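Each chain, letter by letter, is given below.
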Amino acid sequence: MRRIDARSIGHSRWANRIHEDADTPEFQELKASIQRAGGNVQPIKVRPIPPSVPAGAVAAQGALQFEIVFGHRRHRACLELGVPVNAIVASMDDLQLFAEMDRENRAHRALSPFEQGQMFKRALDAGLFASVRRLAQELTIDVSLVSKSIGIASLPEPVHQAFSSPNDIQYRWARPLKTACAAALQRTIDTATRLKAQNSAASVRPSRIFQMLVSEAGVQGEDAQEVCGKQAHAAFKIDRRGRLAIWFDRRLSEALVMRLRTSLEKLLNE
(Lines give C-alpha, C1' and ligand atoms only; values in the text may rest on other atoms or scores of the structure.)
Protein backbone atom coordinates (compact mmCIF):
# COMPACT_ATOMS: atom_id res chain seq x y z
CA MET A 1 0.00 0.00 0.00
CA ARG A 2 1.19 3.50 -0.82
CA ARG A 3 0.09 7.04 0.06
CA ILE A 4 -0.52 8.77 -3.26
CA ASP A 5 -1.43 12.33 -4.18
CA ALA A 6 -5.15 12.18 -5.03
CA ARG A 7 -4.59 14.60 -7.92
CA SER A 8 -2.40 12.02 -9.67
CA ILE A 9 -5.24 9.45 -9.75
CA GLY A 10 -7.92 9.48 -12.44
CA HIS A 11 -11.37 7.89 -12.61
CA SER A 12 -11.53 4.90 -14.89
CA ARG A 13 -13.58 5.12 -18.08
CA TRP A 14 -15.40 2.07 -16.68
CA ALA A 15 -16.52 4.01 -13.59
CA ASN A 16 -20.04 2.85 -13.01
CA ARG A 17 -21.82 4.87 -10.32
CA ILE A 18 -23.60 7.98 -11.54
CA HIS A 19 -22.34 11.29 -10.19
CA GLU A 20 -25.29 11.90 -7.86
CA ASP A 21 -24.21 8.90 -5.75
CA ALA A 22 -21.36 11.04 -4.39
CA ASP A 23 -23.75 13.77 -3.21
CA THR A 24 -25.73 11.61 -0.78
CA PRO A 25 -25.66 11.69 3.04
CA GLU A 26 -23.74 8.39 2.89
CA PHE A 27 -20.96 10.08 0.93
CA GLN A 28 -20.82 13.01 3.35
CA GLU A 29 -20.56 10.53 6.22
CA LEU A 30 -17.75 8.69 4.42
CA LYS A 31 -15.95 11.99 3.82
CA ALA A 32 -16.29 12.97 7.49
CA SER A 33 -14.91 9.62 8.68
CA ILE A 34 -11.89 9.95 6.35
CA GLN A 35 -11.30 13.47 7.67
CA ARG A 36 -11.42 12.25 11.28
CA ALA A 37 -8.98 9.43 10.53
CA GLY A 38 -6.63 11.64 8.51
CA GLY A 39 -7.05 9.41 5.46
CA ASN A 40 -8.95 6.44 4.09
CA VAL A 41 -8.51 3.46 6.43
CA GLN A 42 -9.71 1.06 3.73
CA PRO A 43 -7.35 1.48 0.77
CA ILE A 44 -8.53 1.92 -2.78
CA LYS A 45 -6.94 0.00 -5.65
CA VAL A 46 -5.26 1.61 -8.65
CA ARG A 47 -3.15 0.62 -11.61
CA PRO A 48 -0.41 2.63 -13.33
CA ILE A 49 -2.01 4.11 -16.46
CA PRO A 50 -0.78 1.94 -19.36
CA PRO A 51 0.20 3.49 -22.71
CA SER A 52 -2.69 1.62 -24.36
CA VAL A 53 -5.34 3.72 -22.58
CA PRO A 54 -6.68 6.33 -25.04
CA ALA A 55 -5.83 9.95 -24.28
CA GLY A 56 -8.64 11.56 -22.30
CA ALA A 57 -10.18 8.22 -21.30
CA VAL A 58 -9.16 8.67 -17.66
CA ALA A 59 -10.90 11.74 -16.28
CA ALA A 60 -9.54 13.78 -13.35
CA GLN A 61 -7.59 16.91 -12.52
CA GLY A 62 -3.83 17.36 -12.51
CA ALA A 63 -1.05 15.21 -13.90
CA LEU A 64 -2.31 11.64 -13.94
CA GLN A 65 -0.23 8.58 -13.15
CA PHE A 66 -2.80 6.08 -11.89
CA GLU A 67 -6.28 4.82 -12.80
CA ILE A 68 -8.81 3.64 -10.20
CA VAL A 69 -9.73 -0.04 -10.17
CA PHE A 70 -12.16 0.41 -7.27
CA GLY A 71 -12.72 3.01 -4.57
CA HIS A 72 -13.96 5.99 -6.62
CA ARG A 73 -15.93 7.49 -3.73
CA ARG A 74 -13.02 7.17 -1.28
CA HIS A 75 -10.78 8.82 -3.87
CA ARG A 76 -13.23 11.68 -4.39
CA ALA A 77 -13.50 12.23 -0.63
CA CYS A 78 -9.71 12.42 -0.28
CA LEU A 79 -9.50 14.71 -3.30
CA GLU A 80 -12.06 17.12 -1.82
CA LEU A 81 -10.33 17.01 1.58
CA GLY A 82 -6.90 17.56 0.07
CA VAL A 83 -5.33 14.51 1.73
CA PRO A 84 -3.27 11.70 0.16
CA VAL A 85 -5.02 8.45 -0.75
CA ASN A 86 -4.02 5.11 0.71
CA ALA A 87 -3.93 2.84 -2.32
CA ILE A 88 -2.86 -0.63 -3.41
CA VAL A 89 -1.00 -0.39 -6.73
CA ALA A 90 -1.18 -3.32 -9.16
CA SER A 91 -0.54 -3.65 -12.88
CA MET A 92 -3.36 -5.22 -14.91
CA ASP A 93 -4.94 -5.10 -18.36
CA ASP A 94 -8.35 -3.63 -19.21
CA LEU A 95 -10.19 -6.94 -18.90
CA GLN A 96 -8.72 -7.64 -15.46
CA LEU A 97 -9.56 -4.11 -14.32
CA PHE A 98 -13.14 -4.37 -15.54
CA ALA A 99 -13.72 -7.79 -13.95
CA GLU A 100 -12.20 -6.75 -10.61
CA MET A 101 -14.23 -3.52 -10.52
CA ASP A 102 -17.41 -5.48 -11.21
CA ARG A 103 -16.66 -8.07 -8.50
CA GLU A 104 -15.89 -5.38 -5.94
CA ASN A 105 -19.17 -3.59 -6.61
CA ARG A 106 -21.26 -6.74 -6.38
CA ALA A 107 -19.50 -7.83 -3.18
CA HIS A 108 -20.21 -4.55 -1.36
CA ARG A 109 -23.24 -2.72 -2.74
CA ALA A 110 -24.89 -3.78 -5.96
CA LEU A 111 -25.11 -1.24 -8.72
CA SER A 112 -28.51 -0.15 -9.91
CA PRO A 113 -29.67 -1.74 -13.20
CA PHE A 114 -29.00 1.60 -14.93
CA GLU A 115 -25.46 1.90 -13.56
CA GLN A 116 -24.72 -1.74 -14.33
CA GLY A 117 -26.06 -1.31 -17.86
CA GLN A 118 -23.92 1.77 -18.45
CA MET A 119 -20.84 -0.13 -17.37
CA PHE A 120 -21.61 -3.14 -19.59
CA LYS A 121 -22.54 -0.95 -22.56
CA ARG A 122 -19.26 0.98 -22.40
CA ALA A 123 -17.33 -2.29 -22.25
CA LEU A 124 -19.12 -3.68 -25.31
CA ASP A 125 -18.79 -0.41 -27.25
CA ALA A 126 -15.05 -0.42 -26.54
CA GLY A 127 -14.71 -4.02 -27.77
CA LEU A 128 -13.63 -5.35 -24.38
CA PHE A 129 -16.00 -8.31 -24.90
CA ALA A 130 -17.08 -9.83 -28.20
CA SER A 131 -20.75 -10.16 -27.22
CA VAL A 132 -23.27 -9.88 -24.42
CA ARG A 133 -23.07 -13.63 -23.88
CA ARG A 134 -19.27 -13.53 -23.65
CA LEU A 135 -19.43 -10.69 -21.12
CA ALA A 136 -21.90 -12.68 -19.01
CA GLN A 137 -19.69 -15.77 -19.15
CA GLU A 138 -16.52 -13.89 -18.18
CA LEU A 139 -18.22 -12.20 -15.21
CA THR A 140 -20.37 -15.24 -14.27
CA ILE A 141 -23.61 -13.24 -14.49
CA ASP A 142 -26.92 -14.39 -15.93
CA VAL A 143 -27.04 -13.25 -19.56
CA SER A 144 -30.66 -12.08 -19.22
CA LEU A 145 -29.68 -9.62 -16.47
CA VAL A 146 -26.87 -8.30 -18.65
CA SER A 147 -29.30 -7.79 -21.54
CA LYS A 148 -31.88 -6.12 -19.30
CA SER A 149 -29.39 -3.74 -17.73
CA ILE A 150 -28.00 -2.74 -21.13
CA GLY A 151 -31.57 -2.27 -22.35
CA ILE A 152 -32.27 0.10 -19.44
CA ALA A 153 -29.08 2.09 -20.07
CA SER A 154 -29.96 2.31 -23.78
CA LEU A 155 -33.44 3.78 -23.27
CA PRO A 156 -33.93 7.30 -24.70
CA GLU A 157 -32.72 10.03 -22.36
CA PRO A 158 -36.23 11.51 -21.87
CA VAL A 159 -37.33 8.14 -20.45
CA HIS A 160 -34.45 8.21 -17.96
CA GLN A 161 -35.33 11.79 -17.03
CA ALA A 162 -38.98 10.94 -16.39
CA PHE A 163 -37.86 9.26 -13.15
CA SER A 164 -36.43 11.15 -10.17
CA SER A 165 -33.28 9.14 -10.88
CA PRO A 166 -32.56 6.54 -13.57
CA ASN A 167 -31.47 4.35 -10.66
CA ASP A 168 -35.19 3.92 -9.92
CA ILE A 169 -35.70 1.81 -13.06
CA GLN A 170 -35.95 -1.88 -12.16
CA TYR A 171 -34.77 -4.93 -14.09
CA ARG A 172 -38.28 -6.25 -14.61
CA TRP A 173 -39.27 -3.01 -16.36
CA ALA A 174 -36.60 -3.33 -19.05
CA ARG A 175 -38.57 -5.35 -21.59
CA PRO A 176 -41.88 -3.42 -21.36
CA LEU A 177 -40.07 -0.05 -21.61
CA LYS A 178 -38.03 -1.24 -24.57
CA THR A 179 -41.20 -2.55 -26.23
CA ALA A 180 -42.97 0.77 -25.58
CA CYS A 181 -40.14 2.69 -27.27
CA ALA A 182 -40.16 0.30 -30.22
CA ALA A 183 -43.95 0.38 -30.64
CA ALA A 184 -44.55 4.11 -30.13
CA LEU A 185 -41.29 6.01 -29.71
CA GLN A 186 -42.59 9.57 -30.07
CA ARG A 187 -45.62 8.90 -27.88
CA THR A 188 -43.39 7.39 -25.19
CA ILE A 189 -41.00 10.36 -25.34
CA ASP A 190 -43.92 12.80 -25.13
CA THR A 191 -45.30 10.92 -22.12
CA ALA A 192 -41.86 10.91 -20.48
CA THR A 193 -41.47 14.66 -21.01
CA ARG A 194 -44.86 15.30 -19.42
CA LEU A 195 -44.04 12.98 -16.50
CA LYS A 196 -40.74 14.77 -15.91
CA ALA A 197 -42.62 18.04 -15.42
CA GLN A 198 -45.08 16.34 -13.06
CA ASN A 199 -42.25 14.72 -11.12
CA SER A 200 -40.55 18.10 -10.68
CA ALA A 201 -43.71 19.58 -9.18
CA ALA A 202 -44.55 16.66 -6.90
CA SER A 203 -42.79 13.37 -6.26
CA VAL A 204 -44.33 10.56 -8.31
CA ARG A 205 -43.70 6.91 -7.43
CA PRO A 206 -41.35 5.16 -9.89
CA SER A 207 -43.87 2.35 -10.36
CA ARG A 208 -46.53 4.90 -11.35
CA ILE A 209 -44.18 6.49 -13.90
CA PHE A 210 -43.40 3.08 -15.36
CA GLN A 211 -47.07 2.12 -15.64
CA MET A 212 -47.95 5.38 -17.41
CA LEU A 213 -45.08 5.07 -19.86
CA VAL A 214 -46.02 1.59 -20.98
CA SER A 215 -49.81 1.93 -20.82
CA GLU A 216 -49.89 5.07 -22.96
CA ALA A 217 -47.79 3.23 -25.53
CA GLY A 218 -50.30 0.36 -25.50
CA VAL A 219 -47.87 -2.12 -23.95
CA GLN A 220 -48.58 -4.64 -21.19
CA GLY A 221 -46.75 -3.93 -17.93
CA GLU A 222 -44.27 -6.06 -16.01
CA ASP A 223 -44.58 -9.82 -16.38
CA ALA A 224 -42.34 -10.90 -13.50
CA GLN A 225 -41.51 -9.78 -10.00
CA GLU A 226 -38.00 -9.49 -8.63
CA VAL A 227 -36.33 -9.94 -5.27
CA CYS A 228 -32.82 -8.55 -4.73
CA GLY A 229 -30.56 -9.90 -2.00
CA LYS A 230 -26.92 -9.81 -0.95
CA GLN A 231 -26.10 -13.23 -2.43
CA ALA A 232 -28.21 -13.16 -5.61
CA HIS A 233 -31.11 -11.62 -7.49
CA ALA A 234 -34.22 -13.75 -8.00
CA ALA A 235 -37.24 -13.25 -10.24
CA PHE A 236 -40.51 -15.14 -10.12
CA LYS A 237 -43.60 -15.38 -12.29
CA ILE A 238 -46.94 -17.15 -12.02
CA ASP A 239 -48.38 -18.30 -15.36
CA ARG A 240 -52.06 -18.52 -16.33
CA ARG A 241 -52.28 -22.08 -14.98
CA GLY A 242 -51.05 -20.97 -11.57
CA ARG A 243 -47.58 -22.51 -11.90
CA LEU A 244 -44.78 -20.63 -10.16
CA ALA A 245 -41.36 -20.28 -11.81
CA ILE A 246 -38.34 -18.87 -9.95
CA TRP A 247 -34.94 -18.16 -11.48
CA PHE A 248 -31.72 -16.69 -10.12
CA ASP A 249 -28.99 -14.53 -11.68
CA ARG A 250 -26.18 -16.86 -10.60
CA ARG A 251 -25.49 -20.39 -9.36
CA LEU A 252 -26.52 -20.84 -5.74
CA SER A 253 -24.28 -22.50 -3.18
CA GLU A 254 -25.25 -25.95 -1.94
CA ALA A 255 -25.95 -24.53 1.52
CA LEU A 256 -28.28 -21.88 0.09
CA VAL A 257 -30.14 -24.48 -2.00
CA MET A 258 -30.69 -26.60 1.12
CA ARG A 259 -32.04 -23.58 3.04
CA LEU A 260 -34.36 -22.78 0.15
CA ARG A 261 -35.64 -26.36 0.08
CA THR A 262 -36.21 -26.34 3.85
CA SER A 263 -38.13 -23.06 3.60
CA LEU A 264 -40.34 -24.42 0.81
CA GLU A 265 -41.10 -27.61 2.72
CA LYS A 266 -42.02 -25.58 5.80
CA LEU A 267 -44.24 -23.26 3.72
CA LEU A 268 -46.03 -26.11 1.95
CA ASN A 269 -46.72 -27.94 5.21
CA GLU A 270 -48.28 -25.00 7.02
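Above: the structure in question.
Here is a short report on the structure shown in this document. All chains use their own residue numbering, which begins from 1 and follows the written sequence. With pLDDT at 70 or above as the cut-off, local features in this predicted model cover only qualifying residues; side-chain atom pairs require 80 or more to be listed or tallied, and sums for whole chains, interfaces and linings still use all residues. Water and hydrogen atoms were dropped before computing side-chain values, which therefore reflect all heavy atoms in the structure.

A separate point is the pattern of salt bridges. For salt bridges, the criterion is a side-chain nitrogen of Lys or Arg within 4 Å of an Asp or Glu carboxyl oxygen. In total, this model carries eleven salt bridges according to the counting rule given. Between Lys31 and Glu80 there is a salt bridge, and its shortest N-O distance comes to 2.8 Å. One end of the pair, Lys31, is in helix α1 (residues 25–37); the other, Glu80, is in helix α2 (residues 72–81), and 49 residues separate them in sequence. Judged by relative accessible area, which is 39%, Glu80 ranks as partly exposed. A salt bridge links Arg47 to Glu67; its shortest N-O distance comes to 2.8 Å. You can see Arg47 sitting in strand β3 (residues 44–48) and its partner Glu67 sitting in strand β4 (residues 66–70), a full 20 residues away along the chain. For the exposure calls, accessible area comes from a 1.4 Å probe over protein chains only, and a residue counts as buried if that area is under 20% of its type's maximum, exposed if over 50%, partly exposed in between. The buried category is assigned to Arg47, whose relative accessible area is 1%. Helix and strand definitions here come from DSSP, where helices need a minimum of 4 consecutive H or I residues and strands a minimum of 2 consecutive E residues; each element is numbered from the N-terminal end.

On to the sheet that holds strand β1 (residues 2–4), then. In this analysis, strands are considered paired if DSSP registers two or more bridges between them. One open sheet accounts for five strands, arranged β1-β5-β3-β4-β2; its pairing is mixed. Every other strand in the sheet has two partners, leaving β1 and β2 (9–10) as the edge strands with one partner each. Relative to β4, β3 is paired through four bridges, and the arrangement is antiparallel. By the bridge assignment, Val46 is partnered in β4 with Ile68. Any pair of residues with heavy atoms lying within 4.5 Å of one another is described as a contacting pair. Axis definition: a line fitted to C-alpha atoms, limited for helices to the stretch in contact. Angles are taken between N-to-C directions and run from 0 to 180 degrees. Contacting β2, β3, β4 and β5 (85–89), α2 crosses the sheet at an angle of about 130° to β4. Sheet contacts for helix α3 (residues 94–108): β3 and β4; angle to β4, the most-contacted strand, approximately 40°.

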